Amino acid sequence: MEHTKPPLIRTIFGMMINPAGALKGALSSRWYLGLAVSALAFGLFFIQTGLDLYKTGQKEWNFVLLSAGTGVAYGLVIIPLIASVMWVILKAAKTDKSLLQAISAFCLSYSGALIYGILGLVFSLVMGWKTAVAFGVTGVLWAIGPMMFTIRELTGGKNALSVPLATLVGAMVLISWSVFGSL
C-alpha cells in the first residue's frame, strides 16, 4: 500500500486540533510546508499590526507594507532560528530527530496563528476592526500548546522541558512583536 502525504489544509487544521497526529506526519514529510505556514502566519499577524497602527493614524501606509514583509521574513528566518536553538537544547536531551524535522515541527506549531491571521485580516478589512491583539496574539498563544507537544515529541516524552521551553519561545515571539510595533 502506497503512503500518501496528507493534504495541506488537513495538516494545518490538524496541527491546531490534533497536534500529535499532524506532527507524526509532518516529521517525515514536506519540510517546506512548515516554513510556508510560519511565513504566512507571521506575515498576516504583522500586517494586522501595521493596519491597526495605520487606522489609528500612528503610522503611514508604507509601514503596513513593511509590516507584511517583516512578518514573512520573521516566519522564514527568526522562527527557524529559534527552532534551531531549541534543537541544540533538545539535542542535549537526546533527541533523535534531525534539525530539519525540528524546524518543520516548530514552524507547523504556528498553524493556529495562520488560521487566526486569515480571520483577523478578514475582520480588519471587512469590518474595520483593529485585530492584531484579538486575532494575532491569540494565534501566537494558541501555538504554545502544539509547541509543547512538539518539544515533548522531540525529547521522547520528557514533559519537564516542554512547558518551560514553549513558554520561553512564546514570550520571545510576543516581546519581539511588541518591540516591532513600537518602532
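Treat the numbers as computed from the prediction; the structure is a model and nothing was measured.

1. Overview of the side chain of Thr95
1) Next: With respect to the helices and strands, the residue Thr95 is situated in the loop between helix 4 (61-92) and helix 5 (99-108).
2) Next: A polar contact is formed between the side chain of Thr95 and the backbone nitrogen of Lys97, at a distance of 3.3 Å.
3) Next: Apart from the residues within four sequence positions on either side, Thr95 is in contact with Trp87, Leu90 and Leu154.

2. Here we look at the packing of aromatic side chains
1) Next: Counted by the stated rule, this structure contains 13 aromatic pairs.
2) Next: Centre to centre, the rings of Phe45 and Phe46 are 5.7 Å apart; their planes meet at 85°, and the pair counts as edge-to-face. Each member of the pair, Phe45 as well as Phe46, is classed as buried.
3) Next: Put simply, the rings of Phe42, Phe45, Phe46, Phe63, Tyr74, Tyr110, Trp177 and Phe180 touch in pairs and so form one group of aromatic residues.
4) Next: Over the ring of Phe63 we find Lys59, and its NZ or CZ is 4.8 Å from the ring centre.

3. Details of unusual backbone geometry
1) Next: Even without being a glycine, Lys94 presents a positive backbone phi close to 75°.
2) Next: Secondary-structure assignment places Lys94 in the loop between helix 4 and helix 5.

4. Comments concerning the nonpolar core
1) Next: Membership of the largest hydrophobic core comes to 46 residues, with the highest contact counts inside it found for Phe42, Ile79, Phe106, Tyr110 and Val173.
2) Next: Among the secondary structure elements, those contributing two or more residues to this core are helix 3 (31-55), helix 4, helix 5, helix 6 (111-127), helix 7 (132-142), helix 8 (144-154) and helix 9 (159-181).

5. Notes on the packing of helix 3 against helix 9
1) Next: Between helix 3 and helix 9, whose axes approach to 11 Å, the crossing angle comes to 35°. At the point where helix 3 passes helix 9, the crossing takes the right-handed sense. In this structure, helix 3 contributes Phe42, Phe45, Phe46, Thr49 and Leu53 to the contact, and helix 9 contributes Val173, Trp177, Phe180 and Gly181.
2) Next: The residue inventory of the contact of helix 3 with helix 9, partitioned by class, reads 7 nonpolar, 2 polar and no charged.

Each value, and the rule that gives it
- Residues numbered from 1 in each chain as written.
- Predicted model: local features only at pLDDT ≥ 70, side-chain atom pairs only at ≥ 80, totals over all residues.
- Heavy atoms only, no water.
- Helix = DSSP H or I, 4+ residues; strand = E, 2+ residues; numbered from the N terminus.
- Polar contact = N/O pair within 3.5 Å; in protein donor to acceptor, adjacent residues only side chain to side chain.
- Contact = heavy atoms within 4.5 Å.
- Phe/Tyr/Trp six-rings, centres within 6.5 Å; stacked < 30°, edge-to-face > 60°.
- Buried < 20%, exposed > 50% of the residue type's maximum accessible area, 1.4 Å probe, protein only.
- Lys NZ or Arg CZ within 6 Å of the ring centre and 35° of its normal.
- Core = buried A, V, L, I, M, F, W, Y, C linked by side-chain atoms within 4.5 Å.
- Axes fitted to C-alpha atoms, helices over the stretch in contact; angles between N-to-C directions.
- Left-handed = near helix turned anticlockwise from the far one by under 90°.
- Nonpolar A, V, L, I, M, F, W, Y, C, P; charged D, E, K, R; others polar.

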